[in-house]
Amino acid sequence: MSKRTLDAFFKPPPKRTKPDTTTTTTTTNEENTPSQSQSPDNHSTYPHPIAQLPTHLEKALSECTEPASHREGKIMNNQPDLDCVYYQPFIPRRIANELFRVLRAELPFYRVVYFAKRGGVDVQIKTPRFTTVFGVDEGCFFADADTTSNLNINSDSNSKYKTSHLTLRKAPTTTTNTSSTVPKYTYPPRPIPSLLQSLKKAVEYTTKETYNFVLVNYYATGEDSIAFHSDDERFLGFEPAIASLSLGGEREFLLKHKPVPSETAATGSADRGGASAAVGTTIKLPLSSGDMILMRGRTQANWLHSIPKRKGRGVAGVGGRINITFRRAVVPAGTENYYHYNVGTGGVWGWDEVRREMVERGAGSENRKPL
Ligand SMILES: O=C(O)CCC(=O)C(=O)O
Ligand SMILES: [Fe+2]
């Protein structure tokens, strides 16, 4: 797999004579049998082709959308403003570990550096983990370039169409703005590759939500982390639901209530007074491969979460941890934000199976053109 991936960086992709509109999810091939439906996705916004999911993983994930294998998560709402569902696991561990290895080998990752104002001064921030993102806000959708004229569907949730032929279209709008022009995005949005489509469907089925963004973090070692933050971004709308899946090595996930303004706490208001009691409580969840946590309702507005650095053994033994969050952005500001902070303008990184580490493989945005 690594050879194909490395070659794919430097060679043009194989030419396909005819658009292939066969489904990639309902195949009856033997496990890992190479087939036409397993040719990689090669969209112009990808820095390199992204392989399809091996057939047996595709099958395992599609089984997650069958009522018989429906999983009930544990509801966590025993603290003020907390509303989470913890699926332990959501995907069977063996499948989750295989998925981890495939995603680590196939996805393009970035080590984003950006500037932020701290105390009125521009400070350079180096994101302490690898990131990548796919998707577009609900103002647009990706449609098959050859067959869209009479289609009006959001192909984001329909993996029937090969991603390589997808073009960005303005979503039909119910407002007075009937313009069919796609907004001018600083970073061209990337369609969610087939590799992640059946996973997205499984998560949507279980959480009863729909998502248009897939954000991926790769914590290569125990030094990689994410600081306490909340994802209550305005572009996600009111009380967003965010599903967060863990693959690979176990890492501790911390949740703590945001500080409550002291005067509200002092008046002892029934609502905020309860919240002040939660301040200081830190919830620790040992997230293992295949576990998923759905954060919803008032959680993002009131709680912070983090993956702290892990000292000592770290996660080197299992080659790191992948986290995938599924989100729904409602306006272009969400698209701008997610690509700025998860792709940026730096080089592309990928997993080197021989060296067994991440290596920088190519230039970033300025060369982000079709191969
Ligand atoms: O890695 C995790 O579990 C959390 C990731 C996260 O909070 C985020 O990407 O916003
Ligand atoms: Fe987060």
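Within each chain, residues carry numbers counting from 1 in the order of the written sequence. Whichever chain is written first is A, and whichever ligand is written first is 1; the rest continue in order. Reporting of local features is limited, given that this is a predicted model, to residues whose pLDDT is at least 70; pairs of side-chain atoms are given and counted only at 80 or more, and all residues count toward the totals for whole chains, interfaces and linings.

S.K.: How should I be thinking about helix α2 (residues 55–63) in this particular structure?
M.R.: At 3.6 residues per turn, the α-helix brings residues three or four places apart onto the same side. When we look at burial in α2, the residues that qualify are T55, L57, E58, A60 and L61. We call two residues in contact when their backbone-placed C-beta atoms lie within 7 Å. The secondary structure listing takes helices from DSSP runs of H or I that are at least 4 residues long and strands from runs of E that are at least 2 residues long, numbered from the N terminus. In this fold, the buried residues of α2 make contact with α3 (93–106) and α4 (194–207). With C-beta atoms placed from the backbone, a residue counts as buried when 20 or more other C-beta atoms lie within 10 Å of its own, as exposed when 12 or fewer do, and as partly exposed for counts between those limits.

S.K.: Looking at this structure, how should I read unusual backbone geometry?
M.R.: Leaving glycine out, the prevailing phi sign among residues is negative, and the prevailing peptide bond configuration is trans. For the bond running from Q88 to P89, omega is 0°, close enough to zero to count as cis. Summarising the element assignment, P89 is placed in the loop between β2 (84–87) and α3. Unlike most non-glycine residues, D81 shows phi in positive territory, near 70°. Tracing the chain through its elements places D81 in the loop between β1 (74–76) and β2.

S.K.: For this particular structure, what's the right way to read the site of ligand 1?
M.R.: As used in this record, a residue near a molecule or strand is one whose C-beta atom, placed from the backbone, is within 6 Å of it. L215, N217, I226, D231, S244, F253, H305, I307, N323 and T325 make up every residue found near ligand 1. Residue assignment for the shell around ligand 1 shows that the elements contributing at least two residues are β8 (213–219), β14 (303–307) and β15 (321–327). For this scheme, ten residues count as nonpolar: Ala, Val, Leu, Ile, Met, Phe, Trp, Tyr, Cys and Pro. Four count as charged, namely Asp, Glu, Lys and Arg, and the remainder, Gly too, count as polar. Tallied by class, the residues present in the shell around ligand 1 amount to four nonpolar, five polar and one charged.

S.K.: How should I be thinking about the UniProt feature "binding site: 2-oxoglutarate" (unreviewed entry) in the chain in this particular structure?
M.R.: Following the UniProt record, one finds the feature "binding site: 2-oxoglutarate" (unreviewed entry) at N217, Y219, H229, H305, R321, T325 and R327. With respect to the element layout, H229 can be found in strand β9 (residues 226–229). Secondary-structure assignment places R327 in strand β15. Those residues in contact with R327, other than ones at most four positions away along the chain, are Y211, F213, L215, L236, P240 and I242. UniProt positions are given in the numbering used here, feature names are shortened, and annotations may be inferred rather than shown by experiment.

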